[in-house]
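Working through the structure, step by step
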Amino acid sequence: MRGTDLGEPGGLQPGPHVVQSALPRTTAVAGTVLAMSFLPLLGDGMDGGTRTPLALMRLAVAAVLIPGLGGTFPEAGAGAARE
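This one's a predicted model, so the numbers in the text were calculated from it and none came from an experiment.

**Re the overall build of the protein chain**
Of the regular secondary structure elements, the protein chain holds 2 helices and 0 strands. Going through the 83 residues of the protein chain one by one, you find that 10% of them count as buried. A separation of at least 24 residues holds for 22% of the contacts in the protein chain among residues at least 6 apart in sequence. When the accessible area of the protein chain is evaluated, it comes to approximately 6800 Å², of which 66% is carbon and sulfur surface.

**Remarks on the environment of Phe38**
Tracing the backbone through its elements, the reader meets Phe38 in the loop between α1 (16–37) and α2 (48–68). Along the primary structure Phe38 and Leu54 are separated by 16 residues, whereas in three dimensions their C-alpha atoms are 8.9 Å apart. With residues near it in sequence (within four places) discarded, Phe38 still touches Ala55, Arg58 and Leu59.

**As for α2**
Compared with the 30 Å implied by 1.5 Å per residue over 21 residues, the 30 Å span of α2 between its first and last C-alpha is a close match. A maximum bend of about 25 degrees is found in α2 at Ala62.

Rules used throughout
- Every chain's residues receive numbers from 1 upward, in the order its sequence appears when written.
- Owing to the predicted nature of the model, reporting of local features is limited to residues with pLDDT of at least 70; listing and counting of side-chain atom pairs is limited to 80 or more, with chain, interface and lining totals taken over all residues.
- As a convention, hydrogens and water are excluded, and side-chain values are obtained from all of the structure's heavy atoms.
- Only DSSP runs of H or I with at least four residues qualify as helices, and only runs of E with at least two residues qualify as strands; both kinds are numbered from the N terminus onward.
- A 1.4 Å probe rolled over the protein chains alone gives each residue an accessible area, and that area as a share of the maximum for its type sets the label: buried under 20%, exposed over 50%, partly exposed in between.
- Any pair of residues with heavy atoms lying within 4.5 Å of one another is described as a contacting pair.
- Every accessible area reported is derived by Shrake-Rupley at a probe size of 1.4 Å, with residue values counting cover from the shown protein chains alone.
- Here a helix's expected span is defined as the number of its residues, less one, multiplied by 1.5 Å.
- Working definition for bend: take the seven residues up to and ending at a residue and the seven starting at it, fit an axis to each, and measure the angle between the axes.

Here is the structure:
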């Protein structure tokens with residue numbers, strides 16, 4: 001029982017076509033969540049000296065996390081020699 005798709009019997013891993021079609025949706029959802037995270041900064045209760053660092057921190061976290069959603073992982077471990 002060796003399946004490559006979730007729909008096949010015994011399949012544990014999605015095929016590459018499933019992963020590729022999910023990437024644009026995942027990125028769109030992440031962008032929407034990022035945009036929504038700025039909404040609290042528009043309200044009253046904090047000055048510009050507070051809003052600016054909060055906005056920059058959100059952008060920094062997004063800059064690291066959103067590209068990582070691609071799901072590409074190196075095949076070799078951290079200490080492996082490169083060819």
